[in-house]
Amino acid sequence: MTKVAVLGAGSWGTALANTMAKNNVVVNIWSHRVDQVDEINQRHQNDHYLPGATLSEKLLAVADMQVAVADADVVLMVVPTKAIRSVGSQLAEVLQNLDQQVILAHATKGLEQGTHLRISQMIEEVVPSENYSSLAVISGPSHAEDVIKGDLTAVSIGGTDEAATAVLQKTLASENFRPYTNHDLLGSELGGALKNIIALGSGMLVGLGYGVNAQAALLTRGLVEMRSVGQKMGAKPETFLGLAGIGDLIVTGMSPNSRNYRAGFAMGHGQSLNQVQEEMGMVIEGVNTVKAVYEYQQTHQLDLPITTALYQVLYEEAQIEDQIKLLMTRPLKAED
Ligand SMILES: NC(=O)C1=CN([C@@H]2O[C@H](COP(=O)(O)OP(=O)(O)OC[C@H]3O[C@@H](n4cnc5c(N)ncnc54)[C@H](OP(=O)(O)O)[C@@H]3O)[C@@H](O)[C@H]2O)C=CC1
Ligand SMILES: O=C(CO)COP(=O)(O)O
């Protein structure tokens, strides 16, 4: 029987772990907080991250990473981007101690500030290659709040090792949850990271009272920016037309379950970024990703007007309405 260790017990780690546990996969979810381990094991709940949800009794939470990872076939990292290096380093030590090789996957959607590295590249820097047979990403349109309720969901699993992505696919698949596989790890990671930027903007538009015309314009022109960053970094353009691209852009840019959309919405209503971050109590990945992509565009001859406008609002105290006006009055051009 396949054993999976899920590292990170926030909303998405818990929802994925629960999906696999319901499939009779042996799942250990690692949390660095003992109170949360007790809550999951004794009450089958994770109330801060998934209020009201009852988790599978088969899901076992563990506070010791070595116990969670021992004998696992798959390790799935689901912590925010800023925690990938520290959790990855702990995992490296554990795998070295256990002298173990695993299929290593993640479901994190971000880019590192400063280096502009994708999650799998950060993992490669901290986990010795002898300890994993391959790397894969779970991406695509999937809010934890909907998955935990059993709403119909399709995701894409990106990775070049077909045997490994097939193992992941099997652990997750059910009548309600349909994972596809693809070979574009890079594009699948980027789609998931970049759509968060556009979702922030979409929330801002709605928060300010603009309608669906405005949202459709932003999401479509946002997809053009996602694709051009993707092409520059080496992704396959067609990945941006799949679940990890437009699929995730639609769900994150339209759903009030999205943390990024909600953050944008609150800012459209006049709240400051600090206030929004304090009140969310969960990671808003787009905030850091905007900065990483803005920095990347400076050195890579890219024209990313929406990303630039959002960077100005989030980091330079620009007014959202002024940035919208700038975007709408740029020199007229052909659609590309
Ligand atoms: N939520 C969703 O619907 C989806 C999220 N994602 C992506 O998944 C990733 C995780 O998001 P999500 O689950 O929403 O995040 P949450 O904010 O809900 O949870 C983050 C979890 O990571 C833990 N964590 C943070 N830092 C560390 C650390 N240094 N060591 C150990 N654990 C740590 C947190 O612990 P603590 O409670 O102590 O802070 C918490 O359990 C993000 O990249 C997100 O974009 C992708 C698809 C869907
Ligand atoms: O990636 C997600 C849905 O596919 C989650 O997006 P948020 O982090 O904005 O909630």
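Calculation criteria
- Residues numbered from 1 in each chain as written.
- Chains lettered and ligands numbered in written order.
- Predicted model: local features only at pLDDT ≥ 70, side-chain atom pairs only at ≥ 80, totals over all residues.
- Heavy atoms only, no water.
- UniProt positions renumbered as here; feature names shortened; annotations may be inferred.
- Helix = DSSP H or I, 4+ residues; strand = E, 2+ residues; numbered from the N terminus.
- Buried < 20%, exposed > 50% of the residue type's maximum accessible area, 1.4 Å probe, protein only.
- Contact = heavy atoms within 4.5 Å.
- Polar contact = N/O pair within 3.5 Å; in protein donor to acceptor, adjacent residues only side chain to side chain.
- Near = heavy atom within 4 Å.
- Areas by Shrake-Rupley, 256 points an atom, 1.4 Å probe, with all protein chains shown as cover.
- Nonpolar A, V, L, I, M, F, W, Y, C, P; charged D, E, K, R; others polar.
- Domains from an automatic or database assignment.
- Expected span 1.5 Å × (residues − 1).
- pLDDT = per-residue confidence, 0-100.

- Per an unreviewed UniProt entry, the protein goes by the name Glycerol-3-phosphate dehydrogenase [NAD(P)+] and belongs to Fructobacillus americanaquae.
- Looking at the Sequence similarities (unreviewed entry) heading of the UniProt record, one finds this comment for the protein: "Belongs to the NAD-dependent glycerol-3-phosphate dehydrogenase family."
- The record held by UniProt for the protein lists under Pathway (unreviewed entry) the comment "Membrane lipid metabolism; glycerophospholipid metabolism."

**Brief notes about the UniProt feature "binding site: NADPH" (unreviewed entry) in the protein**
Move 1: When the UniProt feature table is mapped to this numbering, "binding site: NADPH" (unreviewed entry) covers Ser-11, Trp-12, His-32, Arg-33, Tyr-49, Lys-109, Ala-144, Arg-259, Val-283 and Glu-285.
Move 2: Here Val-283 lies in the loop between α12 (273–280) and α13 (285–299).
Move 3: Using a relative accessible area of 35% as the deciding quantity, one classes Val-283 as partly exposed.
Move 4: Filtering out sequence-adjacent residues up to four positions away, Val-283 remains in contact with Pro-80 and Arg-259.
Move 5: Mapped onto the fold, Glu-285 is located in helix α13.
Move 6: On the accessibility criterion, Glu-285 (9% relative accessible area) is buried.
Move 7: If we ignore the near neighbours within four places in the chain, the residues touching Glu-285 are Pro-80, Thr-81, Thr-108, Lys-109, Gly-110, Asn-196 and Asn-260.
Move 8: Among the polar contacts made by the side chain of Glu-285, one reaches the main-chain amide nitrogen of Thr-81 at a distance of 2.9 Å.

**Side note on the site of ligand 1**
Move 1: Close to ligand 1 lie 24 residues; Trp-12, His-32, Tyr-49, Ala-144 and Glu-285 are nearest.
Move 2: In the model, an oxygen atom of ligand 1 is placed 3.0 Å from a nitrogen or oxygen of the Val-283 main chain.
Move 3: Starting from 900 Å² of accessible surface for ligand 1 in isolation, the protein chains cover 85%.
Move 4: Put simply, the parts of the chain that give the shell around ligand 1 at least two residues each are α1 (11–22) and α4 (84–98).
Move 5: Split into classes, the residues belonging to the shell around ligand 1 amount to 13 nonpolar, 7 polar and 4 charged.
Move 6: Of the domains in this structure, domain 1 (3–183) and domain 2 (194–328) are the two that each give at least three residues to the shell around ligand 1.

**Remarks on the environment of Lys-109**
Move 1: Along the chain, the position of Lys-109 falls in the loop between β5 (102–106) and α5 (119–126).
Move 2: Note on Lys-109: relative accessible area 13%, which makes it buried.
Move 3: In sequence terms Lys-109 and Ala-68 are 41 residues apart; their C-alpha atoms lie 23 Å from each other.
Move 4: Beyond its immediate sequence surroundings of up to four residues, Lys-109 is in contact with Thr-81, Ser-139, Gly-140, Ser-142, Gly-192, Ala-193, Lys-195, Asn-196, Asp-248 and Glu-285.
Move 5: A polar side-chain atom of Lys-109 sits 2.9 Å from the main-chain carbonyl oxygen of Gly-140.
Move 6: Within polar-contact distance, the side chain of Lys-109 engages the side chain of Asp-248 at 2.7 Å.

**Notes on α4**
Move 1: With 15 residues, α4 should reach 21 Å at 1.5 Å per residue; the first-to-last C-alpha distance of 20 Å fits that figure.
Move 2: Buried residues along α4 sit in contact with β1 (3–7), β2 (26–30), α3 (65–69), β4 (74–77), β5 and α5.
Move 3: Trailing α4 by a residue or two, Asp-99 shows a phi angle of about 50°, which is positive.

**Details of the UniProt feature "binding site: sn-glycerol 3-phosphate" (unreviewed entry) in the protein**
Move 1: Residues given the UniProt feature "binding site: sn-glycerol 3-phosphate" (unreviewed entry) here are Lys-109, Gly-140, Ser-142, Lys-195, Asp-248, Ser-258, Arg-259 and Asn-260.
Move 2: Tracing the sequence through the fold places Lys-195 in helix α8 (residues 185–208).
Move 3: The contacts of Lys-195, once residues within four sequence positions are left out, are Lys-109, Met-226, Asp-248, Leu-249 and Thr-252.

**Considerations on the confidence of the model for the protein**
Move 1: Taken over all residues, the pLDDT of the protein has a mean of 98, while the share at 70 or more is 100%.
Move 2: This complex was scored by the predictor with a pTM of 0.98 and an ipTM of 0.99.

**Quick word on the site of ligand 2**
Move 1: Lining the immediate surroundings of ligand 2 are 13 residues, of which Lys-195, Asp-248, Ser-258, Arg-259 and Asn-260 lie closest.
Move 2: The side chain of Arg-259 places a nitrogen or oxygen atom 2.7 Å from an oxygen atom of ligand 2.
Move 3: Here Asn-260 contributes a side-chain N or O atom positioned 2.7 Å from an oxygen atom of ligand 2.
Move 4: Look at ligand 2: alone it shows 300 Å² of surface, and the protein chains cover 90% of it.
Move 5: Breaking the shell around ligand 2 down by element, the ones donating at least two residues are α10 (243–254) and α11 (259–268).
Move 6: Its residues assigned to classes, the shell around ligand 2 comprises 2 nonpolar, 7 polar and 4 charged.

**Points about unusual backbone geometry**
Move 1: In the Ramachandran plot, His-44 falls in the positive-phi region, its phi being about 55° despite a non-glycine side chain.
Move 2: Within the secondary structure, His-44 is located in the loop between α2 (34–43) and β3 (60–62).
Move 3: Under the relative-accessibility criterion, His-44 is labelled buried at 16%.

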